[in-house]
Amino acid sequence: LSLPYVLYLNGWVIGVIFICIGAIAANWSNVLLAKNAAANNVANYSKLCEVAGGPGLATLLNANILVYIFGVLVSYQIIITSLY
C-alpha cells in the first residue's frame, strides 16, 4: 500500500529505478541462497543458516521468525478492528 505514496514522493523515474534495484537485489540474493543450499546439500533455510553461521545464527533466525509472526498477528488484529 505504500508503493504509490513512495512513487509520489520520489517521482516516477527514481521510483522505477528503486523498484528495479530492489528486484535485482532480491534476485541476486535468491540465487546466492540457492547456490549455497545446493552446494551444502541442505533442504531448508534454517539448515542453511546453521551451516553458514553455526547454531547461534539458526537460533537467531528462529527468534526473528517468532517476533515477525507476533508482529504480523498484532498488525492484522489492529487493521481488522479498525475496519469496523
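Here the structure is shown first, and the text comes after it.
Residues numbered from 1 in each chain as written. Predicted model: local features only at pLDDT ≥ 70, side-chain atom pairs only at ≥ 80, totals over all residues. Heavy atoms only, no water.

Describe helix α2 (residues 12-40), and please don't skip the residues or the numbers.
Counted at 1.5 Å a residue, the expected span for α2 with its 29 residues is 42 Å, and the 42 Å between its end C-alpha atoms agrees. Trailing α2 by a residue or two, asparagine 41 shows a phi angle of about 55 degrees, which is positive. (Helix = DSSP H or I, 4+ residues; strand = E, 2+ residues; numbered from the N terminus. Expected span 1.5 Å × (residues − 1).)

Give me the packing of helix α3 (residues 45-53) against helix α4 (residues 55-83): which residues, what numbers.
Their axes nearest at 6 Å, the elements α3 and α4 cross at an angle of 145 degrees. Handedness of the crossing formed by α3 with α4: right-handed. Here α3 contributes Tyr45, Ser46, Cys49, Glu50 and Gly53 to the contact with α4, which in turn contributes Pro55, Leu57, Ala58, Leu61 and Asn62. Of the residues assigned to the contact of α3 with α4, the class counts are 6 nonpolar, 3 polar and 1 charged. (Axes fitted to C-alpha atoms, helices over the stretch in contact; angles between N-to-C directions. Left-handed = near helix turned anticlockwise from the far one by under 90°. Contact = heavy atoms within 4.5 Å. Nonpolar A, V, L, I, M, F, W, Y, C, P; charged D, E, K, R; others polar.)

Keep in mind that these numbers describe shape and distance, not what the molecule does.
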